[in-house]
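Next come the chains, spelled out residue by residue.
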Amino acid sequence: MSLLDLLNHLLNFVAPALAVGFMCALAGRVFGRRAAGAPSWWVQGAINFGVGVLALVGGLVFSGRDGAMLTYAVLVAACATSQWTVSKSWRK
């Protein structure tokens, strides 16, 4: 496998975490109220992205293959929980 192929596979592996993480941050910005001390939307998206990548890696280790539907369900739940925590929504 060449370096470009490896990079393509890695980017395609983390793409769902990037999309879901930043969509959660933007949706939280649009539909939620801004709490005092909450980080900006791009910091929230970056944190959600990191949590999503961890969920995808955990799903890969647990199921032994990439793209399992259970992994994507865990990704959405993990990003939503991360967004709830980072935006300090429990204080409202």
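In what follows, the structure referred to is the one given above.
Attention in this report is confined to the structure presented alongside it.

Thresholds, definitions, all that
- Residues numbered from 1 in each chain as written.
- Predicted model: local features only at pLDDT ≥ 70, side-chain atom pairs only at ≥ 80, totals over all residues.
- Heavy atoms only, no water.
- Helix = DSSP H or I, 4+ residues; strand = E, 2+ residues; numbered from the N terminus.
- Buried < 20%, exposed > 50% of the residue type's maximum accessible area, 1.4 Å probe, protein only.
- Areas by Shrake-Rupley, 256 points an atom, 1.4 Å probe, with all protein chains shown as cover.
- Axes fitted to C-alpha atoms, helices over the stretch in contact; angles between N-to-C directions.
- Parallel < 35°, antiparallel > 145°, perpendicular 65-115°, else oblique.
- Left-handed = near helix turned anticlockwise from the far one by under 90°.
- Contact = heavy atoms within 4.5 Å.
- Nonpolar A, V, L, I, M, F, W, Y, C, P; charged D, E, K, R; others polar.
- Phe/Tyr/Trp six-rings, centres within 6.5 Å; stacked < 30°, edge-to-face > 60°.
- Expected span 1.5 Å × (residues − 1).
- Bend = angle between axes of the 7 residues up to and from the residue.

What follows is about the overall build of the protein. Of the regular secondary structure elements, the protein holds 3 helices and 0 strands. Moving toward the C terminus, one meets the helices and strands of the protein in the order α-α-α. Projected onto its principal axes, the C-alpha coordinates of the protein cover approximately 50 × 25 × 15 Å. Looking at the protein as a whole, 23% of its 92 residues qualify as buried. In the structure as shown, the protein presents an accessible area of about 6100 Å², 73% of it carried by carbon and sulfur atoms.

This part covers the packing of helix α2 (residues 41-63) against helix α3 (residues 69-86). The geometry of α2 relative to α3 is characterised by a closest axis approach of 8 Å and an angle of 150° between their N-to-C directions. Taken together, the axes of α2 and α3 are roughly antiparallel relative to one another. Relative to α3, α2 is oriented so that their crossing is right-handed. Every residue of α3 that contacts α2 at Q44, I47, N48, V51, G52, A55, L56, G59, F62 and S63 is listed here: L70, T71, Y72, V74, L75, A78, C79, S82, Q83 and V86. Classifying every residue of the contact of α2 with α3 gives 12 nonpolar, 8 polar and no charged.

Further remarks concern the packing of aromatic side chains. Evaluated as defined, the whole model comprises 1 aromatic pair. Each ring, one from F22 and one from W41, has its centre 6.3 Å from the other, and the planes form 75°; the classification is edge-to-face. Of this pair, F22 sits in helix α1 (residues 3-31) while W41 sits in helix α2, placing them 19 residues apart in sequence. The class of F22 is partly exposed, set by a relative accessible area of 24%.

Between the first and last C-alpha of α1 there are 41 Å, a value that for 29 residues agrees with the 42 Å anticipated at 1.5 Å per step. Most pronounced at V14, the bend in α1 amounts to some 40°, and the proline P16 follows within four residues. Each element contacted by the buried residues of α1 is listed here: α2 and α3.

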